[in-house]
Amino acid sequence: MANTVIAQMLVKLAKTNDEKSNSGDVTFYDAVTIPSVSILDMIKRWMKFSRTPNEVIIMAAIYIDRASSKGLVVTSHSVHRVLLSALVVAAKYHCDRVHGNSHYAKVGGVAPTELNRLEATFIQDLEWELYIKPSEFESVCKNLTGLVTRS
């Protein structure tokens, strides 16, 4: 259920930024066309094929929020690739055993070389601040729980 709330939040963020952004501003994360797969389906696919714990999804959401506060603008053209980048970074930071980028690239529907660049760019956008304090993680979980029970 938290995955649904996170997906809804990301879609809302992208749509809000679509309305504010200049369509001429293209970033490395931007896809030429908006992918047809929903954000929720992308998260479900990630969970099915990456076999990472649910904490990775929450960490990815925290990372996206951090990167956004540092200037990353997530739009409908970039949200899928930003999410994939965040998921890969979160998985590698949190999990002891991870797949290689070629596997994650297949899951995310991008080329391995593209994923390598996405991951490196995202880490730079985070300014290498990957550690999440337990209190921050717990606060986000509590907020998500509250949102889930209201929906």
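Treat the numbers as computed from the prediction; the structure is a model and nothing was measured.

Draft legend 1. Structural view of the overall build of the protein chain. Each helix and strand in the protein chain was counted, giving seven helices and zero strands. Across the protein chain, helices and strands are ordered from the amino to the carboxyl terminus as α-α-α-α-α-α-α. Along the longest, intermediate and shortest principal axes, the C-alpha atoms of the protein chain span 40 × 35 × 30 Å. Out of the 151 residues belonging to the protein chain, those deemed buried represent 40%. For the protein chain, contacts bridging at least 24 residues in sequence account for 84% of all contacts bridging at least 6. About 8,600 Å² of surface is accessible on the protein chain, with carbon and sulfur atoms providing 54% of the total.

Draft legend 2. Spotlight on the packing of aromatic side chains. Counted by the stated rule, this structure contains two aromatic pairs. Plain terms: the ring middles of Trp-46 and Tyr-104 are 4.9 Å apart, the flat faces sit at 25° to each other, and that makes the pair stacked. Of this pair, Trp-46 sits in helix α2 (residues 39–50) while Tyr-104 sits in helix α5 (residues 101–108), and the two are 58 residues apart along the sequence. Each member of the pair, Trp-46 as well as Tyr-104, carries the same accessibility label: buried. The aromatic ring of Phe-28 is capped on one face by Arg-81, whose charged end is 5.5 Å from the ring centroid.

Draft legend 3. Structural context of the nonpolar core. Counting 46 residues, the largest nonpolar core has Ile-43, Trp-46, Tyr-63, Ile-64, Leu-83, Leu-115 and Phe-122 as the members making the most contacts within it. Residue assignment for this core shows that the elements contributing at least two residues are α1 (2–20), α2, α3 (54–69), α4 (79–94), α5, α6 (112–125) and α7 (134–150). Ranked by the residues each element gives to this core, the list is headed by α4, at 10 residues. Filtering out sequence-adjacent residues up to four positions away, Tyr-63 remains in contact with Ala-86, Val-89, Ala-90, Tyr-93, Phe-122, Leu-126, Glu-129, Leu-130 and Ile-132.

Draft legend 4. Seen up close, the side chain of His-80. When you line up the elements, His-80 lands in helix α4. If sequence neighbours within four positions are ignored, His-80 has contacts with Pro-35, Val-37, Ser-38, Ile-39 and Met-42.

Draft legend 5. A look at the side chain of Thr-52. Within the secondary structure, Thr-52 is located in the loop between α2 and α3. At 2.9 Å, the side chain of Thr-52 and the side chain of Trp-46 are in polar contact. Side-chain polar atoms of Thr-52 contact the side chain of Ser-50, separated by 3.1 Å. Among residues more than four places away in sequence, those in contact with Thr-52 are Trp-46, Met-47, Ala-91, Cys-95 and Tyr-104.

Draft legend 6. Expanded view of α1. Along its 19 residues, α1 runs 27 Å from first to last C-alpha, staying within 8% of the 27 Å computed at 1.5 Å per residue. Among all positions of α1, only Val-5, Ile-6, Ala-7, Leu-10, Ala-14 and Asn-17 are buried.

Definitions and limits used
- Residues numbered from 1 in each chain as written.
- Predicted model: local features only at pLDDT ≥ 70, side-chain atom pairs only at ≥ 80, totals over all residues.
- Heavy atoms only, no water.
- Helix = DSSP H or I, 4+ residues; strand = E, 2+ residues; numbered from the N terminus.
- Buried < 20%, exposed > 50% of the residue type's maximum accessible area, 1.4 Å probe, protein only.
- Contact = heavy atoms within 4.5 Å.
- Areas by Shrake-Rupley, 256 points an atom, 1.4 Å probe, with all protein chains shown as cover.
- Phe/Tyr/Trp six-rings, centres within 6.5 Å; stacked < 30°, edge-to-face > 60°.
- Lys NZ or Arg CZ within 6 Å of the ring centre and 35° of its normal.
- Core = buried A, V, L, I, M, F, W, Y, C linked by side-chain atoms within 4.5 Å.
- Polar contact = N/O pair within 3.5 Å; in protein donor to acceptor, adjacent residues only side chain to side chain.
- Expected span 1.5 Å × (residues − 1).

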